[in-house]
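Analysis of the macromolecular model
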Amino acid sequence: FSFIQPDMESPDSPEGNNPLEIGTTVKCLWRDDEYHKCEIIERRPAAVEGTWEYYVHYAEFNRRLDEWVIDSRIDFSSAESKDKSKGKEDAHEDIGVPENRKLTRNLKRKYEEINHVQKTGEEDSKLAQLEKEHEEITKVKNINIVELGRYEIDTWYFSPYPEEFAKCDKLYLCEFCLKYMKKKKTLSRHKLKCDLRHPPGNEIYRSGTLSVFEVDGKKNKIYCQNLCLLAKLFLDHKTLYYDVEPFLFYIMTECDARGCHIVGYFSKEKNSPDDYNLACILTLPPFQRKGYGKLLISFSYELSKKEGKVGSPEKPLSDLGLLSFRSYWTQVLLEILRKHKGNLSIKDISAMTAIKTEDIISTLQSLNLIKYWKGQHIISVTPKVIEEHLKQTAKQGTSHRTKEPALDPSPLRKQDEIPLDL
């Protein structure tokens, strides 16, 4: 979607060339032809002399919708300086991290490794400062479009590609090795030399046209780093880019005569002290709303079952990640409650599904299917209530979505390479 600059001036545009200050709150014309409140994150001179472009964050929307706008889209009469708007929010002020944000594992680990100290109140404050600095660095999206295979994809967030690439409006990626390039002709030459037709590593699952490859971050470091840089364009909280050696990456692909094309992936620590069975998860935008996210989640739990463990995703989850996990947990738990006759404890369900007890409890609470009685959580359901919930989840799953692929765990193989006829 693109805006055509109107001939008329924007409402109450300022006199002279004085731009709006960073931090100013204004209303901006959005794609729905309505004005929405936003904050000026950054600014730069526009191509037309004497005008400015502003990078804005809309108060109502996720950061993935942040964008550069021309000044004709801004209602300057609504401008409110940073000092005035800050005064209204002082009651909610904290140490620099929004209330709904948590420090990521990598930032915590990095700080603790550098300082070799036990966490105290002072360390919490310093960790918050690290998070604030991270947000400052990543606040403006640097690459707008990536070309990957048959798709041109609009990006959502900043990604720390090397400086010479980060200044490009568009990057060209090899869809098999994920090497990134600045020019289309460079990609064309690369295709003639690149002999990869699927992710490196072991193919551990194949069903129909779907395959999953297990890639070791230590053995295939460059590929995994390229994958993380690509993923950061669509994940707000991701901080793992180059330290990939402690991780395994599970790449889901669609296969045809040309090769195996990445649709999404998840990563997990090889040895997680917190029993995390998933660190990052992403379905690439062209393949979203097709059920692949839930399929990747299901795959992570099948791996946990094979390892004889219970698992949980690393927190914090992205907004889309939380929706996907909650949808998966809900479907799995409702199916078990429908099929099972007799008493069933939360520990029993955890053993059957490899889902951690706290995730089971939170999901059942969201469905109002659990009560706390005499110091214990008691599952309280009737067959009718379960059927009503299943109908509701079925409606939500089919709206605006193609039929979801199902995971058949029987072809899942661990540490065993299947020969590829490509």
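Residues numbered from 1 in each chain as written. Predicted model: local features only at pLDDT ≥ 70, side-chain atom pairs only at ≥ 80, totals over all residues. Heavy atoms only, no water.

Quick notes on unusual backbone geometry
Here the phi dihedral of Asp33 falls at roughly 65 degrees; this positive angle occurs in a residue that is not glycine. Along the chain, Asp33 falls in the loop between strand E1 (25-29) and strand E2 (35-45). The exposure class assigned to Asp33 is exposed, which follows from its relative accessible area of 57%. The residue Arg289 is not glycine, and still its phi comes out positive at about 60 degrees. Judged by relative accessible area, which is 44%, Arg289 ranks as partly exposed. (Helix = DSSP H or I, 4+ residues; strand = E, 2+ residues; numbered from the N terminus. Buried < 20%, exposed > 50% of the residue type's maximum accessible area, 1.4 Å probe, protein only.)

Some points on the pairing of strand E10 (residues 202-207)
For E10 and strand E11 (residues 210-216), the ladder comprises 5 bridges, and the chain directions are antiparallel. Paired with Arg206 across the two strands is Ser211, which belongs to E11. In this structure, the hairpin formed by E10 and E11 is closed by a connection of 2 residues, where Gly208 is found at a positive phi of approximately 65 degrees. (Pairing = 2+ DSSP bridges.)

Points about the pattern of salt bridges
Under the criterion given, the structure shown has 17 salt bridges. Across the pair Glu147 and Lys170 runs a salt bridge, and its minimum N-O distance is 3.4 Å. Within this pair, whereas Glu147 is found in strand E6 (residues 145-148), its partner Lys170 is found in strand E8 (residues 170-173), the two being separated by 23 residues in sequence. Residue Glu147 is classed as buried on the basis of its relative accessible area, which comes to 9%. Classification of Lys170 by relative accessible area gives buried; the value is 18%. Taking the shortest distance from any N to any O, the salt bridge between Glu164 and Lys182 comes out at 3.8 Å. One end of the pair, Glu164, is in helix H4 (residues 163-166); the other, Lys182, is in the loop between strand E9 (180-181) and helix H5 (184-193), and 18 residues separate them in sequence. The class for Glu164 is exposed, based on a relative accessible area of 52%. With relative accessibility at 39%, the residue Lys182 sits in the partly exposed group. Through salt bridges with shared partners, a single network forms among Glu147, Glu152, Lys170 and Lys184. (Salt bridge = Lys/Arg side-chain N within 4 Å of Asp/Glu carboxyl O.)

Observations concerning the packing of helix H8 (residues 319-339) against helix H10 (residues 357-366)
Where H8 meets H10, the axes come as close as 10 Å, and the angle between the chain directions of the two elements is 85 degrees. When the axes of H8 and H10 are compared, the pair comes out roughly perpendicular. Within the contact between the two elements, H8 uses Arg326, Trp329, Thr330, Leu333 and Leu337 and H10 uses Asp359, Ile360, Ser362, Thr363, Leu364 and Ser366. Looking at side-chain class alone, the contact of H8 with H10 contains 5 nonpolar, 4 polar and 2 charged residues. (Axes fitted to C-alpha atoms, helices over the stretch in contact; angles between N-to-C directions. Parallel < 35°, antiparallel > 145°, perpendicular 65-115°, else oblique. Contact = heavy atoms within 4.5 Å. Nonpolar A, V, L, I, M, F, W, Y, C, P; charged D, E, K, R; others polar.)

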